[in-house]
Amino acid sequence: MSAPAPDWEVLRAAAREAMTHAYAPYSRFPVGVAGLVDDGRVVTGCNVENASYGLGLCAECGMVSDLARTGGGRLVAVACVGGDGQPLMPCGRCRQLLWEHGGADMLIETVSLGIVPMREVLPDAFGPEDLVAAAERGQG
Ligand SMILES: O=c1ccn([C@H]2C[C@H](O)[C@@H](CO)O2)c(=O)[nH]1
Ligand SMILES: [Zn+2]
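Residues numbered from 1 in each chain as written. Chains lettered and ligands numbered in written order. Predicted model: local features only at pLDDT ≥ 70, side-chain atom pairs only at ≥ 80, totals over all residues. Heavy atoms only, no water.

Spelled out, the test is: UniProt positions are given in the numbering used here, feature names are shortened, and annotations may be inferred rather than shown by experiment.
As annotated in an unreviewed UniProt entry, the protein is Cytidine deaminase from Blastococcus saxobsidens. For the record of the protein, the UniProt heading Sequence similarities (unreviewed entry) holds the text "Belongs to the cytidine and deoxycytidylate deaminase family." Of the protein, the UniProt comment under Cofactor (unreviewed entry) reads exactly: "Zn(2+)".

Now the structure itself:
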């Protein structure tokens with residue numbers, strides 16, 4: 001099965017809709033994210049903050065949970081929007097989260113670079129294959 005082609009307008013709209021559910025009373029910076037799955041599903045998430053500031057959840061965390069809960073699969077393309085609804089570069093931790101479920105070829109829309117594959121925003125990434133490689137060398 002070939003991966004579906006992303007409709008970036010649809011993804012952006014889904015991310016903006018998700019952003020309306022954000023719980024961000026501390027930063028006042030709502031974030032929404034939408035991901036196209038290889039079976040054509042669209043999964044979404046929003047940020048959910050906490051009075052214990054450091055425990056806040058980025059929107060990408062919610063989206064990855066939505067991905068797992070609705071049947072798993074691989075992320076093909078992800079649009080993330082924040083604040084005024086413009087494209088947002090996911091934070092470093094979330095790039096790692098996304099890598100697990102989309103890998104190097106997953107497309108991501110960023111404000112500074114446009115639409116690029118994950119390998120460009122997380123070069124030399126650590127991923128599941130590194131654990132396999134280490135195990136094969138007898139280090140895992
Ligand atoms: O990729 C990102 C970056 C930031 N945030 C959230 C975390 C916090 O709630 C708010 C301000 O940093 O934006 C996300 O949800 N995703
Ligand atoms: Zn994040």
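From this point on, the discussion continues.
**So, the site of ligand 1**
To keep it simple, the criterion reads: Working definition: residue near molecule or strand if any one of its non-hydrogen atoms lies within 4 Å of it. A 3.5 Å cut-off defines polar contacts: any pair of N or O atoms within that distance qualifies, except that in protein one atom must be a possible hydrogen donor and the other a possible acceptor, and neighbouring residues in sequence count only when both atoms are side-chain atoms. The protein chains shown are the only cover counted for residues, whose accessible areas, like all others here, come from Shrake-Rupley with a 1.4 Å probe. Cavities and pockets were defined on a 1 Å grid built from protein atoms only: a cavity is a group of points that admits a 1.4 Å probe but offers it no way out, a pocket is an open group of points flanked by protein on both sides within 12 Å along at least five of seven lines, and a lining residue is one with an atom within 4 Å of any such point. In this scheme, a molecule is assigned to a cavity or pocket if more than half of its atoms are within 2 Å of the grid points. Any residue that is not Ala, Val, Leu, Ile, Met, Phe, Trp, Tyr, Cys, Pro, Asp, Glu, Lys or Arg is counted as polar, Gly included; the first ten are nonpolar and the last four charged.
Taken together, Ser 27, Phe 29, Val 31, Asn 47, Glu 49, Cys 58, Ala 59, Glu 60, Leu 88, Pro 90 and Cys 91 make up all the residues around ligand 1. Within the contact set of ligand 1, an oxygen atom lies 2.9 Å away from a side-chain nitrogen or oxygen of Asn 47. Here an oxygen atom of ligand 1 and a backbone polar atom of Cys 91 are 2.9 Å apart. When ligand 1 sits alone it has 370 Å² of accessible area, and the protein chains cover 77% of it. Spatially, ligand 1 is embedded in the largest pocket. Residues that form the shell around ligand 1 fall into these classes: seven nonpolar, two polar and two charged.

**Describing the pattern of salt bridges**
The criterion, for reference: Note on definitions: salt bridges are taken to be side-chain nitrogens of Lys or Arg within 4 Å of carboxyl oxygens of Asp or Glu. Strands here mean DSSP runs of E at least two residues long; helices mean DSSP runs of H or I at least four residues long; both are numbered from the N terminus. Each residue's exposure class comes from its accessible area (1.4 Å probe, protein chains only) as a fraction of the maximum for that residue type: buried when under 20%, exposed when over 50%, partly exposed otherwise.
Counted under the stated rule, the structure contains five salt bridges. In this structure, the salt-bridge partner of Glu 109 is Arg 12, at a minimum N-O distance of 2.9 Å. With Glu 109 in strand E5 (residues 107–110) and Arg 12 in helix H1 (residues 8–19), the pair connects residues that are 97 residues apart, well separated along the chain. Here Glu 109 and Arg 12 have matching classes, each one buried. Arg 41 is the salt-bridge partner of Asp 39, the closest N and O atoms lying 2.9 Å from each other. On the basis of relative accessibility, which here comes to 45%, the residue Asp 39 falls in the partly exposed class.

**Topic: a nonpolar patch on the surface**
Stated formally: Note on patches: the residues involved have over 30% relative accessible area and no salt bridge, like charges join within 9 Å, and the nonpolar side chains Val, Leu, Ile, Met, Phe, Trp and Tyr join within 5 Å.
A cluster of nonpolar side chains, namely Tyr 23, Tyr 26, Val 48, Tyr 53 and Leu 57, defines an oily patch on the protein surface of about 540 Å² accessible area. Secondary-structure assignment places Tyr 26 in the loop between H1 and strand E1 (31–37). Exposure remark for Tyr 26: the relative accessible area of 38% places this residue in the partly exposed category.

**With respect to unusual backbone geometry**
Phi angles above zero are rare outside glycine, and Arg 28 is one such case at about 55°. As for its position among the elements, Arg 28 is in the loop between H1 and E1. Here Arg 28 falls in the exposed class, since its relative accessible area comes to 69%. One non-glycine residue, Asp 124, lies in the positive phi region at around 55°.

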